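In case you want the letters, here they are:
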Amino acid sequence: DTGVSQDPRHKITKRGQNVTFRCDPISEHNRLYWYRQTLGQGPEFLTYFQNEAQLEKSRLLSDRFSAERPKGSFSTLEIQRTEQGDSAMYLCASRSYQETQYFGPGTRLLVL
Amino acid sequence: AQTVTQSQPEMSVQEAETVTLSCTYDTSENNYYLFWYKQPPSRQMILVIRQEAYKQQNATENRFSVNFQKAAKSFSLKISDSQLGDTAMYFCAFMKAVGNYGQNFVFGPGTRLSVLP
């Protein structure tokens, strides 16, 4: 399978705990995006990487959020000291120089 | 900043019928791309169709076609011969052609389409 993969698919955590999600993009794609999607809404942009460089961060990405793409391949999104408002689907997408983004299946986070 | 509006939160259509989903957007850009993505229940988002703003011809992909009205900033999706598998959330999205970083990829709120047997 050469699509975008995300791990884990589901995560339940208690408020205050840290969580980390992983995204593996399509291998030849140098651009990678993280989005957050709440129920019944469209995805909201969180951050963008071109190769290993994090070029953009949304205002939605508070200090508790950090993302990395250390070798320009897979990426991780970490949320520290989770809050109930962090409960959402976290989507990863990748693309090449062409315009179309390809999405992964998402990680659904529930903070209790 | 760009905005995308989908004025129909929910729609339904009978199997084999035709349905049109509306999308309008606001931008001062002249070169950009528009997309329709489909997100079936509990499944990942996939591209349905895309349109380059510099092309006057409307994009088509099998049963899916768009009506792109650049002056009106309208980008509707027509689904012909609706099938049960078309049941999904449909998102309209906009991307600038230049400086196409993350902030410039904007999704609408979505339209939930139900295809009825």
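Residues numbered from 1 in each chain as written. Chains lettered and ligands numbered in written order. Predicted model: local features only at pLDDT ≥ 70, side-chain atom pairs only at ≥ 80, totals over all residues. Heavy atoms only, no water.

Asks: Any chance you could break down the environment of Q54 of chain A for me, citing the residues and the numbers?
Replies: All names here are of chain A. Within the secondary structure layout, Q54 lies in strand β6 (residues 53-57). Sequence separation of Q54 and E68 is 14 residues, and the distance between their C-alpha atoms is 7.5 Å. In contact with Q54, not counting residues within four places along its chain, are T47, Y48, F49, L61 and A67. Among the polar contacts made by the side chain of Q54, one reaches the side chain of T47 at a distance of 2.6 Å. (Helix = DSSP H or I, 4+ residues; strand = E, 2+ residues; numbered from the N terminus. Contact = heavy atoms within 4.5 Å. Polar contact = N/O pair within 3.5 Å; in protein donor to acceptor, adjacent residues only side chain to side chain.)

Asks: Describe a nonpolar patch on the surface, listing the residues and the values that go with them.
Replies: Together, I12, L110 and L112 of chain A give the surface a local cluster of nonpolar side chains, amounting to about 300 Å² of exposed area. One can find L110 of chain A in strand β11 (residues 107-111). (Patch = residues over 30% accessible without salt bridge, like charges linked within 9 Å, V, L, I, M, F, W, Y side chains within 5 Å. Areas by Shrake-Rupley, 256 points an atom, 1.4 Å probe, with all protein chains shown as cover. Salt bridge = Lys/Arg side-chain N within 4 Å of Asp/Glu carboxyl O.)

Asks: Describe the interface of chain A and chain B, listing the residues and the values that go with them.
Replies: The interface of chain A with chain B comprises 22 residues on the first partner and 19 residues on the second. In terms of surface lost to chain B, no three residues of chain A exceed E56, E99 and F103 of chain A, which account for 32% of the buried area on that side. If you look at where chain A meets chain B, you find zero salt bridges. There are four residue pairs in polar contact (both at pLDDT 80 or more) connecting chain A and chain B. In terms of residue class, the side of chain A that touches chain B is built from nine nonpolar, nine polar and four charged. (Buried area = accessible area lost by both parts, 1.4 Å probe. Nonpolar A, V, L, I, M, F, W, Y, C, P; charged D, E, K, R; others polar.)

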